[in-house]
Structure formats: structure tokens, C-alpha cells
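Residue-level structure breakdown
The primary structure of each chain is shown beneath.
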Amino acid sequence: MFHSARNGGILNMFFIGALAAAGASTAAPTAAPVSVPDRGGVFFGSPERFNRYYTDSKYQPARILYVSPDGGGDGSADAPMHPDQAFSQVRAGEEIRFLDGHYQGCWELDGDSSGTYDHPVVIKAASAHVRIDCCNSRRKTCFNLEGADYVAIDGFTLNGGSYGVRAVGMAYAASGHQKGIAVLNNRIGNQYKDPIFSGQSDWMVVEGNTAFGAGRGDGHGIYLSNGGDWLIVRNNELYDNSSSDFQINADPISTCAEDNIPYDDPRCDGSALQGLGQGVTEFTLVENNYFHNSNTGPNLTSVRNSVFRNNIIGPYDRHGTSFWQETDNPRLGSSDNRIEHNLFIGANRRHVLQSINHSDRNHIRNNIFVGYSRSGDSVVANPASVLVEIDPDTVRQNVFSGNVYIGGVFSGFTPAEGELRLQRFDPAWFSRFPADGRGKAEDFRPGAGAPFVDKGRLLVTTPADREGRPRRNPVNPGPWEYSGKLQATVRE
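Here's what I pulled together on the structure shown here.

**Regarding the overall build of the protein**
Each helix and strand counted, the protein has four helices and 42 strands in total. Computed over the C-alpha atoms, the radius of gyration of the protein is 22 Å, within 12% of the 23 Å expected from 2.2 N^0.38 for a compact globule of 492 residues. By its C-alpha atoms, the protein is 70 × 55 × 50 Å across when sized along the principal axes. For the protein, with 492 residues in total, the buried portion stands at 62%. For the protein, the accessible area works out to roughly 18100 Å², and carbon and sulfur atoms hold 47% of it. Side-chain charges in the protein split into 45 positive and 55 negative, and the spacing between the mean points of these groups amounts to 5 Å.

Given below as C-alpha cells:
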């Protein structure tokens, strides 16, 4: 049974009170904590509508259909059926359990085979020894969820095809969005397009996945598109993808223009709290991820009122993280977000973090920005890396505080008073800084002698580090509060 990876209860502090519907798209980021909700909790002030398999640790399916690569039985554990049989008959509240083996094929669920909020459909691997090679017909997708709601996919190795998991709604308007998809604990790679793709999908969770090798067809490890709202992306690792590792693109050029809705119409730029905002993605929690060694860093396009914390991001072949948009409507900028306690890494002259085209009023606090150069195993500060790039013509109200800047230069930006600026870089400031960027997330824990240790002020909005341990005041900038491994303390 999958249990949501709560951080020891530390992050289970709920956002109290909903954002006011009026002006929600232009207010500063909420000062209240946001966390992964338990069943029946709240998320960004709204009653949660996530998949029960994710939020309810006591959930049990009404029936389990066991399948095997050559199954032809009745679906019992002793006589498994073929997956084709199971997908043709599965109903809300039931689970398809894949027994160990190597499978070939693609399976689909649509609106007629959806789960519900109380009774999700679960597609689960019995162990880590379940591998599926995605087919090269139809959508070329191992699991295609087209208009299907409340489906969880847990624990698979998915290889090839165009997508590993594809989850899409049926219309750009909120009334046509898909709801309640959970993509959990999978290893997905070598797709021509994207390992994990969604469009018009609300209340979606992508957690605990490894996604790599996305090809030239699209090239994103995780791509969440077309104005989905209320999303969780956490504890994932993305690498070796041919385009942007992680992309959220609300895509108003499609979601609004194709429906003949002007960009400045509330149906395009309004609040999801009112069922509006087809051209915006709102209320997204992106935390504890490790994105690295791909062509391009995360693209956050028309993303508002969201939280990005405790992530390790970079290095990349081209550039790092971008908050931006594709229209000239200020309300469609990636604005009013909290960007806290991340580690942003750049190894060339391009930007490490960028905020342009009306992507304003973001709070960027207690992050570490590193610009470095490599010669073999030797690592030094890179004075030419653009650590932060701001468009001063349209971005004037971003708030920076408590950040650490190592090496590099700035474009359209000057660090705030009191922020730490370091011209020299010593890899010993981290526990095992990998020169090629291909280490483990734990390699980026702060070293005991790092000059940024205890240089920040505790934020109520990010009270725990990336492995769930409570932060202390003064606090370490970046995703790690402690340099050692998490260990239990036994008291007599």
C-alpha cells in the first residue's frame, strides 16, 4: 500500500483560510504554510480533491485483478488474467495488480472507466520487477488516461514509446478538466516525447518518480500543460532529457486563443477559485525534487500562487530556471509565487534563475545560487555565470531576501541589502559536490565549514528541510538544514 511521503508530520500545517477570489491573481504570495494534505484536509485553502490512494493511508480496494504477461485466468492471485482483460472490466474502487514480469503494450482508461474521489482506480506494480515496454501504436503510451478521473499508477518501470504516462482532460475550460490522477514511484525513461505528460488535469500528484531520456519529440521529463490547477510535484529526480527537465506551461496560446477567448478575459486570466483562468496554472506545490544534467532547466510559464521549495536544480547544458510567459498580458506572468530554500546551480555563462515578461511579485528567499566552472575534477567559481536575470521593464516587485550568491554576475538585478555574496567557491562547502553534477541529492548537504551555514532567518512557510527535519533559527539557506544523515534518536 502506498503511503504519501509526509515529512514526519513537520509539513502537515494547513493553509488556514481561502485566498479571496477577488484579486487572487494579483495579490502577493500567501504568508500561510502549505503542505501535502491528509484525506479531507485543505490545500492552498481549498478542500482537497486528490486521489484517495494518495491521501488515505487506510484505503483498500474493493477488488484486486491480478495480471501477468501471459495470463489467461480469472484474475485471482493464483490464476492471473492478461492486462487487456483487466483494463476492459476494471471499475471504480478496484485495483489492477501487475505481477512480476516483462510486459509489452499500451493500456487506456477513459471517462467510462474512471474512478471517483471515494473509489479510485489503482494500477499497481507488485514489486520493482515489473517492466513495461510502451507500444508504438495509437498514443504510443504505456498508460494513457484520456478523460479518466481518479486513477493512480504506482511502482512501474516504463520504457520507450512516446509517453510513459499521459493524462489529459477533455476541454480547456475547468468544467472539462480531468481530476485526481496520481503518478507515484515509477521509473520512466527513453520516451520519444515525455516520460510524464498531462494536459487540463487538476488535483494531480506526481511524486517519487525518476524520469530520464526524453527525446527530441518534446523532451521534458515531466510536462504539465494546459492550465491544470492544484498540483503536487515532489520527491522526483529528472535528468538526461533533451529539452526542459520540468515544464509547467499553462499555454494560453492554446487554452485561450483556440477557444477564441482574449488573453485579458477573466476566462483566460482569472482565478481558478472562481472556475476561471484557462491560461494560468495555480496552486502548485513543487518541493524536494532533484532536477539536473539535461539540456535546459525548469520552465514555469504562466504559473501563479504556487510554492517552489527545497529543490536542487542544475547544472544544465543551456540555461537554468525561467519564470516567464508567452503573451503581453501582465496577469498571465508567472507571479505571486514563493521560491524558498532551493539550490540553483549553473556551470556556464547562461542564467541560473530568470524572471521576465511580467513574472512579478515573487518572493525569492533563502536560496543558494552557484555559478561554477569545471576542469576535470577541479571546481572553481565562475565569474561569468548569470546568477539572476530580471527584466526591469516589466518585473519591479519581486522580493529577494536571505539568498546566497556564489560566483557569477547579475542582469537587471542587484542583491538585496544583507544578502551574502561570495566571489570564491570551495566544493568542500558541500558534503561531496559533484563536478559533473551527477551526484546524489545528499551530496549537496552543507559542509561544516560552509560560510552560508546559519546565515538565514527561519521562514514560517518552509519550516522543514528536504528530508523533513525542522529548521532552526538562524537557518541554513538552501534545501538542507543539517549536514549529517537523518538518524533516529532513542531515549530511555
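**With respect to the pattern of salt bridges**
Following the criterion strictly, the structure yields 23 salt bridges and no others. For Arg331, the salt bridge is made with Asp269, and the minimal N-O distance between the two is 3.3 Å. Of this pair, Arg331 sits in the loop between β31 (321-324) and β32 (338-340) while Asp269 sits in helix α4 (residues 266-269), and the two are 62 residues apart along the sequence. Classification of Arg331 as partly exposed rests on a relative accessible area of 30%. Using a relative accessible area of 4% as the deciding quantity, one classes Asp269 as buried. Salt bridges here are not isolated pairs; linked through shared partners, they connect Glu207, Arg234, Glu287 and Arg309.

**Some thoughts on the sheet that holds strand β4 (residues 94-98)**
Across a sheet, strands are paired by hydrogen bonds formed along the backbone, either parallel or antiparallel in direction. The sheet built from 12 strands is open, its strands ordered β3-β4-β7-β10-β14-β18-β21-β25-β29-β32-β35-β39 with parallel pairing. Strands at the two margins of the open sheet, each flanked by one partner only, are β3 (63-67) and β39 (399-401). Averaged over neighbouring strand pairs, the angle between their axes works out to 10 degrees when direction is ignored.

**Comments concerning the nonpolar core**
Counting residues in hydrophobic clusters, the biggest one holds 64 residues, and the most contacted among them are Phe98, Ile123, Phe143, Phe156 and Phe246. The next biggest cluster of nonpolar side chains, apart from the first, holds 22 residues, and it includes Ile345, Val404, Leu422 and Ala441.

**Describing the packing of aromatic side chains**
Per the stated rule, a full pass over the model turns up 37 aromatic pairs. Consider the rings of Phe98 and Trp107, whose centres lie 5.6 Å apart with planes at 70 degrees: the pair is edge-to-face. A residue is classified by how much of its surface remains accessible, and Phe98, at 0% relative accessible area, is buried. Accessibility expressed as a relative area gives 5% for Trp107, which makes it buried. Centroid distance Phe98 to Phe143: 6.1 Å. Interplanar angle 85 degrees. Geometry classified as edge-to-face. Of this pair, Phe98 sits in strand β4 while Phe143 sits in strand β9 (residues 141-146); the two residues are 45 residues apart in sequence, bridging distant segments of the chain. The same class applies to Phe98 and to Phe143, which are both buried. Through a chain of ring-to-ring contacts, the aromatic side chains of Tyr290, Tyr372, Phe425, Trp429, Phe430, Phe433, Phe444 and Phe452 assemble into a single cluster. One Lys or Arg, Arg39, reaches over the ring of Tyr117 and ends 3.9 Å from the middle of that ring. Directly above the aromatic system of Trp480 lies the positively charged group of Arg445, at a separation of 4.6 Å from the ring centroid.

**Some points on the environment of Gly215**
Tracing the sequence through the fold places Gly215 in the loop between β19 (210-212) and β20 (222-225). By relative accessible area, which is 15% here, Gly215 ends up buried. Residues Gly215 and Arg438, spaced 223 residues apart in sequence, show a C-alpha to C-alpha distance of 20 Å.

**Thoughts on the side chain of Asn367**
Secondary-structure assignment places Asn367 in the loop between β35 (363-365) and β36 (368-375). Overall, the relative accessible area of 0% leaves Asn367 in the buried class. Among the polar contacts made by the side chain of Asn367, one reaches the main-chain carbonyl oxygen of Ile339 at a distance of 2.9 Å. Separated by 3.2 Å, the side chain of Asn367 and the backbone nitrogen of His341 make a polar contact. Those residues in contact with Asn367, other than ones at most four positions away along the chain, are Ile339, Glu340, His341, Asn342, Phe344, Gly402, Asn403, Val404, Pro477 and Gly478.

**Some words on the pairing of strand β16 (residues 194-199)**
Counting buried positions along β16 yields six of six residues, so the element is predominantly enclosed. By the bridge criterion, five bridges tie strand β12 (residues 163-168) to β16 in an arrangement that is parallel. Residue pairing for β16: Ala167 is matched across the bridge by Ser198. Pairing analysis gives four bridges linking β16 to β20, with the strands arranged parallel. By the bridge assignment, Gly199 is partnered in β20 with Ser225.

**Let's talk about the side chain of Asn342**
The topology assignment puts Asn342 in the loop between β32 and β33 (343-346). A residue is classified by how much of its surface remains accessible, and Asn342, at 0% relative accessible area, is buried. One polar contact links the side chain of Asn342 to the main-chain carbonyl oxygen of Phe308, over a distance of 3.0 Å. Looking at Asn342, its side chain comes within polar contact range of the main-chain nitrogen of Asn311, at 2.9 Å. Discounting chain neighbours no more than four positions away, the residues touching Asn342 are Phe308, Arg309, Asn310, Asn311, Asn366, Asn367, Ile368, Gly478 and Pro479.

Cut-off values and rules
Residues numbered from 1 in each chain as written. Predicted model: local features only at pLDDT ≥ 70, side-chain atom pairs only at ≥ 80, totals over all residues. Heavy atoms only, no water. Helix = DSSP H or I, 4+ residues; strand = E, 2+ residues; numbered from the N terminus. Rg over C-alpha atoms; globule rule 2.2 N^0.38 Å. Buried < 20%, exposed > 50% of the residue type's maximum accessible area, 1.4 Å probe, protein only. Areas by Shrake-Rupley, 256 points an atom, 1.4 Å probe, with all protein chains shown as cover. Lys, Arg positive; Asp, Glu negative; His and termini not counted. Charge placed at Lys NZ, Arg CZ, Asp CG, Glu CD. Salt bridge = Lys/Arg side-chain N within 4 Å of Asp/Glu carboxyl O. Pairing = 2+ DSSP bridges. Axes fitted to C-alpha atoms, helices over the stretch in contact; angles between N-to-C directions. Core = buried A, V, L, I, M, F, W, Y, C linked by side-chain atoms within 4.5 Å. Phe/Tyr/Trp six-rings, centres within 6.5 Å; stacked < 30°, edge-to-face > 60°. Lys NZ or Arg CZ within 6 Å of the ring centre and 35° of its normal. Polar contact = N/O pair within 3.5 Å; in protein donor to acceptor, adjacent residues only side chain to side chain. Contact = heavy atoms within 4.5 Å.

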